[in-house]
Structure formats: C-alpha cells, structure tokens
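Each chain, letter by letter, is given below.
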Amino acid sequence: CNEADNTMNITPTKIVIADSNADVRAALQLTLEQMGGFTVLAGVQDSIELFSVITSECPQILLIDPELSGVKMPRRGIFSSLKELLSTLRRICPTLTIFCISNLTENQNECRLAGIDGYFYKGDPPDALIARLQTYNKVGDRYSHINRR
C-alpha cells in the first residue's frame, strides 16, 4: 500500500449542524461539502432532533447555535440550559467536538463557560471555519490549543 493509496482512504470528518435557521444550515452544509473531507450527517432545527441524531450517529463535530430552539431561554437561563445540553451530548458521545456558531457576540463567553471547543461568528468568512475544521480533520484532536475560559 503506497502513500497515494492512503490519501484516497481518508474517512471524511462527520459533522452535525444544529441551527434553527434552515438557510444557515443549508449554507454551512454546502460550504463544508464543497471543500471536501467533510460529511454533514444532518442539519437539525431543535434540541429534540439534535439528541436523536447524536444518539444514533455520534459525529466527530457538532456546530451549534446557542440560540437553538429548545435551548433559547431568558438571558440568565441560557447558560444553564446550554451547559446542561452540551454536558448531556458529551455523555452520549464522549469524543464529540463542539463549536458554537452565533451572530451574537455576547454568546461567546456563555459558550466557553458551557465547555465548547471553539466559537465562530456567523458573519465571518467561511474560510475561518473551514481552516479550523481542516486542522481538526488532519490532527484529530479536541483542540487542546483553544483557550477555554
């Protein structure tokens, strides 16, 4: 088996996208699949669908909007609900790497406190997300270099 054969046999990174906005899910899926090396297993619109998919599929990466339907609560409640959600998902799928994707800058700290592995703003160019995911795809670690606060 030569090196070229090994390259052909790389398994794509499996991703689930959790966002209440169908346009966001579709755009992320299209971007990821066009880049190659990624397979989007599902795009889900609420926490009920998310639990179902994570339980049956256990993807490598979850991209989640902290305002996902079933998680969104008053400002004070979102942290507890998001933390509980992510903790439960990691019990179901211990190797899951979780990135928050949001258009609200104030969600970044709440996501970090909930234990996410990375954070992306929806308004940023897709290159930043793709570069980070490609790093994951090559290294396969849980982003130990990301500063969790």
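A few points on the structure. This is a predicted model, so every value here is computed, not measured.

**Structural notes on the state of the cysteines**
- Counting across every chain of the model gives 2 disulfides.
- Sulfur-sulfur distance for the disulfide between C58 and C93 comes to 1.9 Å. Negative torsions about the S-S bond denote left-handed disulfides, and the value of about 85° found for C58 with C93 makes this one right-handed. Here C58 is found in the loop between α3 (47-57) and β3 (61-64), whereas its partner C93 is found in the loop between α4 (75-92) and β4 (97-102), with 35 residues between them in sequence.
- For C58, a relative accessible area of 32% corresponds to the partly exposed category.
- Across a sulfur-sulfur distance of 2.5 Å, C100 and C111 are joined as a disulfide pair. Around the S-S axis, the bridge from C100 to C111 shows a dihedral of about -95° and counts as left-handed. Of this pair, C100 sits in strand β4 while C111 is found in helix α5 (residues 107-113), placing the two residues 11 residues apart along the sequence.

**Brief notes about the packing of aromatic side chains**
- This structure, assessed with the given rule, holds 2 aromatic pairs.
- Taken together, a centroid distance of 5.3 Å and an interplanar angle of 45° make the contact between F99 and F120 tilted. Placement of the pair is F99 in strand β4 and F120 in strand β5 (residues 118-121), with a sequence separation of 21 residues. Each member of the pair, F99 as well as F120, carries the same accessibility label: buried.

**Details of the sheet that holds β5**
- Strand order in the open sheet formed by 5 strands is β2-β1-β3-β4-β5, and the pairing between neighbours is parallel. Here the strands that pair on one side only, and so sit at the sheet edges, are β2 (38-44) and β5. Looking at each pair of strands side by side, their axes are set apart by 20° on average, direction ignored.
- As paired elements, β3 and β4 share 4 bridges and run parallel to each other. Its bridge partner lying in β4, I64 is registered against C100.
- Contacts between helix α2 (residues 22-35) and the sheet are confined to β1 (13-18), β2, β3 and β4, with β2 contributing the most and set at about 170° to the helix.
- The sheet strands contacting α3 are β1, β2 and β3, and the helix crosses β2 at an angle near 145°.

**Examining the pattern of salt bridges**
- As enumerated under the stated definition, the model contains 3 salt bridges in all.
- Between K122 and D19 there is a salt bridge; the shortest N-O distance is 2.6 Å. Note that K122 is positioned in the loop between β5 and α6 (126-139) and D19 in the loop between β1 and α2, a separation of 103 residues in sequence.
- Judged by its relative accessible area of 29%, K122 is partly exposed.
- Assessed through its relative accessible area of 1%, D19 is described here as buried.
- Of the charged contacts in the structure, one is a salt bridge between D65 and K122, with a shortest N-O distance of 2.6 Å. Taken as a pair, D65 in the loop between β3 and α4 and K122 in the loop between β5 and α6 lie far apart in primary sequence, 57 residues in all.
- Each of D19, D65 and K122 takes part in salt bridges that share partners, so that together they form one network.

Conventions adopted
- Residues numbered from 1 in each chain as written.
- Predicted model: local features only at pLDDT ≥ 70, side-chain atom pairs only at ≥ 80, totals over all residues.
- Heavy atoms only, no water.
- Disulfide = S-S within 2.5 Å.
- Helix = DSSP H or I, 4+ residues; strand = E, 2+ residues; numbered from the N terminus.
- Buried < 20%, exposed > 50% of the residue type's maximum accessible area, 1.4 Å probe, protein only.
- Phe/Tyr/Trp six-rings, centres within 6.5 Å; stacked < 30°, edge-to-face > 60°.
- Pairing = 2+ DSSP bridges.
- Axes fitted to C-alpha atoms, helices over the stretch in contact; angles between N-to-C directions.
- Contact = heavy atoms within 4.5 Å.
- Salt bridge = Lys/Arg side-chain N within 4 Å of Asp/Glu carboxyl O.

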